[in-house]
Amino acid sequence: MKVYVYILHRQFARFNVKRELEFAMERISHKREYTIQIIEKGKDPLEGDIIVISYDLLHKKLPELGKLEIDVLIIDEVSICKVPFGKAY
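Residues numbered from 1 in each chain as written. Predicted model: local features only at pLDDT ≥ 70, side-chain atom pairs only at ≥ 80, totals over all residues. Heavy atoms only, no water.

Let's talk about helix α1 (residues 14–28)
So, point 1. Taking 1.5 Å per residue as the helical rise, α1 with its 15 residues ought to reach 21 Å, and the 21 Å between its terminal C-alpha atoms agrees with that figure.
So, point 2. Residues of α1 that are buried: R14, V17, L21 and M25. Buried residues in α1, looked at end-on, bunch into an arc of 65°, giving them a common side. The exposed set on the far side of α1, more than 90 degrees from its buried face, consists of R19, E20 and E26.
So, point 3. Packed against the buried residues of α1 are β1 (2–8), β2 (36–38) and β3 (50–54). (Helix = DSSP H or I, 4+ residues; strand = E, 2+ residues; numbered from the N terminus. Expected span 1.5 Å × (residues − 1). Buried < 20%, exposed > 50% of the residue type's maximum accessible area, 1.4 Å probe, protein only. Arc of directions from axis to C-beta. Contact = heavy atoms within 4.5 Å.)

Printed below as a string of structure tokens:
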């Protein structure tokens, strides 16, 4: 199964991202419904068609994400990856 993964920097923004994705998917995909899953804890299984995860949890889920067939990967604020230890400030 192909999945879409959205990685975001700020954990608190995850529900806003979910709302915006639902809004967008309603307009673009008339043929099928997508499940949007927000990863809130390291123990959460990866089950959605669209997975929203923060950088904080990414390192815990990398082995599982590596097993998925990721079709689209969106990395919010990718510049954070260049900063040592992921600290932007």
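Considering the nonpolar core
So, point 1. One finds V3, V5, I7, I39, L46, I51, I53, Y55, L57, L58 and L65 forming the largest nonpolar core, which totals eleven residues.
So, point 2. Elements that contribute at least two residues to this core include exactly β1, β3 and α2 (55–67).
So, point 3. For this core, the element with the most residues is α2, which contributes four residues.
So, point 4. Here V5 is in contact with I51, I53, L65, I70, V72, L73 and I74, once residues within four sequence places are set aside. (Core = buried A, V, L, I, M, F, W, Y, C linked by side-chain atoms within 4.5 Å.)

Regarding the pairing of β3
So, point 1. The element β3 is extensively covered by neighbouring structure, given that five of its five residues are classed as buried.
So, point 2. On β3, burial covers both faces: I50, V52 and S54 on one face and I51 and I53 on the other are all buried.
So, point 3. Across five bridges, the pairing between β1 and β3 is parallel. Across the sheet, the residue bridging to V5 is I51, located in β3.
So, point 4. Judged from the three bridges that link them, β2 and β3 form a sheet pairing that is parallel. Paired with I38 across the bridge in β3 is V52. (Pairing = 2+ DSSP bridges.)

A few points about the confidence of the model for the protein chain
So, point 1. On average, residues of the protein chain score 81 in pLDDT, and 82% of them reach the 70 mark or higher.
So, point 2. Here β1 stands out as the element of the protein chain with the lowest mean pLDDT, 81, in contrast to β2, whose mean of 90 is the highest. (pLDDT = per-residue confidence, 0-100.)

Quick look at the pattern of salt bridges
So, point 1. Scanning the model with the defined rule gives three salt bridges in all.
So, point 2. Two residues, K18 and E22, come together in a salt bridge whose shortest N-O distance is 3.9 Å. With a gap of four residues between them, K18 and E22 both fall in helix α1, about one helical turn apart.
So, point 3. E22 gets classed as partly exposed once you look at its relative accessible area, which sits at 36%.
So, point 4. Residues K61 and E64 are paired through a salt bridge, measuring 2.8 Å at the closest nitrogen-oxygen approach. Of this pair, K61 and E64 both sit in helix α2, separated by three residues, roughly a single helical turn.
So, point 5. Owing to a relative accessible area of 1%, K61 belongs among the buried residues under this scheme.
So, point 6. E64 sits in the partly exposed class, given a relative accessible area of 35%. (Salt bridge = Lys/Arg side-chain N within 4 Å of Asp/Glu carboxyl O.)

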